[in-house]
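# Breakdown of the fold
Residue-level listing of the chains:
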Amino acid sequence: MNSKVRKISLILCVIWLVSLCYAVTAKEEKTVYEKFNYQENFEYSDEMIGHVLKATVPKIIMKFEANLSYKPVQFDKNKLSRDFEELCKEYEGEYTETEIADFLLDYMSENISDYLTKSGRRKNEKVEGAATGSGVVISEDGYVATNAHVAVPSEQLYSSYIIENITEDLADIIEDIESYGVVVTGTMIAELQDILLSAILEDVEITDEDTYIEVCFPTADGDTAYENSISYQGVVEKKGTQEGKDGLTKDVAILKLVGAKKLVALPLSESYPESNSQIVSAGYPGAAEEIFNAYGSEDSELSVSINTGKATRVVKINDTKYQAIEISSTISNGSSGGPSVDKNLNIEGLNTYMLAADNRFAYMVPAEFIKDLAGDIDLSLSGTSKTFYTGLQMLQQGYGKSAKECFEFTKQLQSKTPYIKHMLSLAEEAPQKEFVSPSQAQTSLWDKIMENKLPIIIISAIFFVFVLLIVIIVFMAKRMRKRKKIIQELGGFSDTEYNEDDYDNEEVVSNVNSPENNRADYGAGNMGYGAERSGSDNGGGARAEGTSRIITTIDTAKREDTSVENAEGQAFFNVPPEL
């Protein structure tokens, strides 16, 4: 074995170690959840459901800006004057002008829309703002499901922004009406707002639209401050319809979180929920933030609202192909896009709509709609975070030590997993028991040893290196002995004449022991020598070329009274003593 062979052996050793480590690491997650007997249809307590919803439900902030163009609505003074003149002509002599004016103003107050008209010029406004909603992680690779109206600005959102923030048109109308001595009531103002909104929706033009979606999770230790949140940019991969009768449509969108991976994800339900089955709903209610105007500001908090309810019935919308699920959970506008799950943590649907006239019931679009969109983009939903769920199962059953192992591995996969540090602290506070399945209890000692792969890797690596070192040492020692032996047997060679790398002991032995060289080897052992010639007439001899072989040559005898055979005999027996 030369230096090149030794290098190859070392390289193979390194490759073996790396391959072994990779193989064990790749199977580690599977080993963790199988080790503690992960159950597919485990029924989680409300507390455990709350923990996983905090880790899987993000707040979605849609920041938008655009240029809007529309025809503003104004009060039609000319129509009011024309109607007054016509009434005065028609009822001249029967009623005074004052009585006619009072009658006309009363009529106008009750039919205000008759006296509003669109301006001939268009107004251009640049609007910007933020709207919030909720979502849920459906794939470990960073995909989130939410409502389409949460992720995509609608005309109604832009128009509402104009009504809420640009009051010039409304103020001008109220001023014109009050100039006739009419008292504008709250009911009239609400009616005017509705008329303005409808008018804008008829001909609004949206240009230069720019939308940025921010998807925010609480930190690993559960910090709910928006400024400290774990945030990703969301990109709309696919969206369903968001317009339809009563707002109940296929109001679903799937977002891809840029740079996100190894998230904790929830599975989708395979069927519609049964009537009056228990559900748990989650989201980020926007009512408080509306009051404090904290949309997307540092005053915002990522505090998930979780409440229980029932899936009361499946509702089919008239004249549409869509269905919705009526739920009794309390939700608000900020909860749109958040999930409602069953006791097995399957997503039954996305909270999407509440009747303004009856706050007792809300609606969600079914998980079926999410699956349809996922199929359109070939999104695999099979990968769910079984190790994290196994930790929840262990924690619920009181196996704190096993739960801690699951959560530690989850943290190793994704250190930014929301609330993971909190889950570890809960596992440490729980009874420090370790789950042992019946199959594990009956396994042999060798199987138990093999379950812990890290010590096996270390021991096998040390053993491999130890064996390799022994082989190298034995080889080097053997080679040194052969070298000394060769030098001793080739006593006629100096150290400068002997080159170890160029000398092949096996070839020497084979050449020396060959029939052609037996006569030359008699006086020098089995390793060869160089025989001097006795003269040009009597000569015969052998010489060593390099250190790799010895060739014995016998010159043809030129002595007149000696034959070739006698010359060979002399060369054979008359060997100088020093050789």
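We now turn to the structure provided with this report. (Residues numbered from 1 in each chain as written. Predicted model: local features only at pLDDT ≥ 70, side-chain atom pairs only at ≥ 80, totals over all residues. Heavy atoms only, no water.)

Before going further, it helps to spend a moment on the overall build of the protein. Across its full length, the protein carries 19 helices and 17 strands. Counting over 579 residues, the protein shows a buried share of 41%. Partitioning the contacts of the protein with sequence separation of at least 6, the portion at a separation of at least 24 is 71%. For the protein, the exposed area adds up to about 31,500 Å²; of that, 50% sits on carbon and sulfur atoms. (Helix = DSSP H or I, 4+ residues; strand = E, 2+ residues; numbered from the N terminus. Buried < 20%, exposed > 50% of the residue type's maximum accessible area, 1.4 Å probe, protein only. Contact = heavy atoms within 4.5 Å. Areas by Shrake-Rupley, 256 points an atom, 1.4 Å probe, with all protein chains shown as cover.)

Here we take up the side chain of serine 335. Looking at the element boundaries, serine 335 is found in the loop between β12 (323–327) and β13 (339–341). Apart from the residues within four sequence positions on either side, serine 335 is in contact with Ser134, Ala282, Gly283, Tyr284, Pro285 and Asn351.

Strand residues, when the strand is regular, have side chains that alternate between the two faces of the sheet. Both strand β10 (residues 277–283) and strand β11 (residues 305–316) contribute to a ladder of 7 bridges, which runs antiparallel. Bridging across to β11, valine 280 finds its partner in threonine 308. As judged from the 5 bridges shared by β11 and β12, these two strands associate in the antiparallel manner. Residue pairing across strands places valine 315 opposite alanine 324, the latter belonging to β12. (Pairing = 2+ DSSP bridges.)

Before going further, it helps to examine the sheet that holds strand β6 (residues 143–146). With antiparallel pairing, the 7 strands of this open sheet are ordered in space as β4-β1-β7-β8-β9-β6-β5. Two strands in the sheet have a free side with no partner beyond their single neighbour: β4 (123–134) and β5 (136–139). Going across the sheet, the axis of each strand differs from the next one's by a mean of 35°, ignoring polarity. Of the strand pairs in this sheet, β6 and strand β9 (residues 253–257) are connected by 4 bridges, and their pairing is antiparallel. Within β9, the residue paired with tyrosine 143 across the bridge is lysine 256. (Axes fitted to C-alpha atoms, helices over the stretch in contact; angles between N-to-C directions.)

Attention now moves to the pairing of β5. Direction of pairing for β5 relative to β6: antiparallel, over a ladder of 3 bridges. Considered in β6, the bridge of valine 136 is made with alanine 145. Between β5 and β6, which pair antiparallel and follow one another directly, the connecting turn spans 3 residues, one of which, glycine 142, has a positive phi of 100°.

This part covers the nonpolar core. Counting residues in each nonpolar core, the largest one holds 58 residues, and the members touching the most others are Ile138, Phe388, Leu392 and Phe407. Not counting chain neighbours up to four residues away, the residues in contact with phenylalanine 407 comprise Phe388, Gly391, Leu392, Leu395, Ile420, Met423, Leu424 and Ala427. Listed in part, the 23 residues of the second largest apolar core include Phe75, Leu87, Ile195 and Ala199. (Core = buried A, V, L, I, M, F, W, Y, C linked by side-chain atoms within 4.5 Å.)

Turning our attention to a negative patch on the surface. Together, Glu85, Glu86, Glu90 and Glu94 make up a negatively charged patch on the protein surface. As for its placement among the helices and strands, glutamate 85 is situated in helix α4 (residues 77–90). (Patch = residues over 30% accessible without salt bridge, like charges linked within 9 Å, V, L, I, M, F, W, Y side chains within 5 Å. Salt bridge = Lys/Arg side-chain N within 4 Å of Asp/Glu carboxyl O. Lys, Arg positive; Asp, Glu negative; His and termini not counted. Charge placed at Lys NZ, Arg CZ, Asp CG, Glu CD.)

This paragraph deals with helix α11 (residues 367–376). All of the buried residues in α11 are Ala367, Phe369, Ile370, Leu373 and Ala374. Angularly, the buried residues of α11 cover 155° about the axis, an arc narrow enough to put them on a single face. Downstream of α11 by one or two residues, aspartate 378 has phi in the positive range, about 55°. (Arc of directions from axis to C-beta.)

On to the pattern of salt bridges. Counted by the stated rule, this structure contains 16 salt bridges. Here glutamate 405 ties to lysine 35 by a salt bridge, and the two come within 3.3 Å at their closest N and O atoms. Placement of glutamate 405 in helix α13 (residues 400–413) and of lysine 35 in helix α2 (residues 28–35) is noted, with a sequence separation of 370 residues between them. In this structure, the salt-bridge partner of glutamate 270 is lysine 371, at a minimum N-O distance of 2.9 Å. Separated by 101 residues along the polypeptide, glutamate 270 in the loop between β9 and β10 and lysine 371 in helix α11 bring together distant segments of the chain. When its relative accessible area of 27% is taken as the criterion, lysine 371 is described as partly exposed. Among the charged side chains, a network of salt bridges with common partners joins Lys118, Arg122, Glu202, Asp203 and Glu205.

Another aspect to go through is the side chain of threonine 352. Secondary-structure assignment places threonine 352 in strand β14 (residues 347–354). Non-local contacts of threonine 352, meaning those with residues more than four positions away in its chain, are made with Asn147, His149, Asp251, Ile331, Ser336, Tyr363, Met364 and Val365.

Here we come to the packing of helix α3 (residues 46–56) against helix α12 (residues 386–396). Two elements in contact, α3 and α12, have axes whose closest approach is 10 Å; the angle formed by their N-to-C orientations is 155°. Considered as vectors, α3 and α12 are oriented roughly antiparallel to each other. Of the two elements, α3 crosses α12, and the hand of that crossing is right-handed. Along the contact surface, α3 presents Met48, His51, Val52 and Ala55, while α12 presents Phe388, Tyr389, Leu392, Leu395 and Gln396. (Parallel < 35°, antiparallel > 145°, perpendicular 65-115°, else oblique. Left-handed = near helix turned anticlockwise from the far one by under 90°.)

The next subject is helix α8 (residues 168–178). Along α8, the residues classified as buried are Asp169, Leu170, Ile173, Ile174, Asp176 and Ile177. Buried positions in α8, seen along its axis, are confined to an arc of 160° and lie on one side of it.

Attention shifts here to the sheet that holds β13. Around the barrel, which closes on itself, the 6 strands sit in the order β10-β11-β12-β15-β14-β13 with antiparallel pairing between neighbours. Between one strand axis and the next, the sheet turns by 45° as a mean value, whatever way the strands run. The strands that α11 touches are β12, β14 and β15 (362–366); relative to β15, the one it contacts most, it runs at about 35°.

Another point: the packing of aromatic side chains. Tallied over the full model, the rule gives 8 aromatic pairs. Note on phenylalanine 388 and tyrosine 389: the rings are 6.4 Å apart at their centroids and 70° apart in plane angle, and the pair reads as edge-to-face. This pair shows no difference in class: phenylalanine 388 is buried, exactly as tyrosine 389 is. Ring pairing ties together the aromatic residues Phe388, Tyr389 and Phe407, which thus form one cluster. One cation-aromatic arrangement involves lysine 256 over tyrosine 143; the distance from NZ or CZ to the ring centre is 5.3 Å. (Phe/Tyr/Trp six-rings, centres within 6.5 Å; stacked < 30°, edge-to-face > 60°. Lys NZ or Arg CZ within 6 Å of the ring centre and 35° of its normal.)

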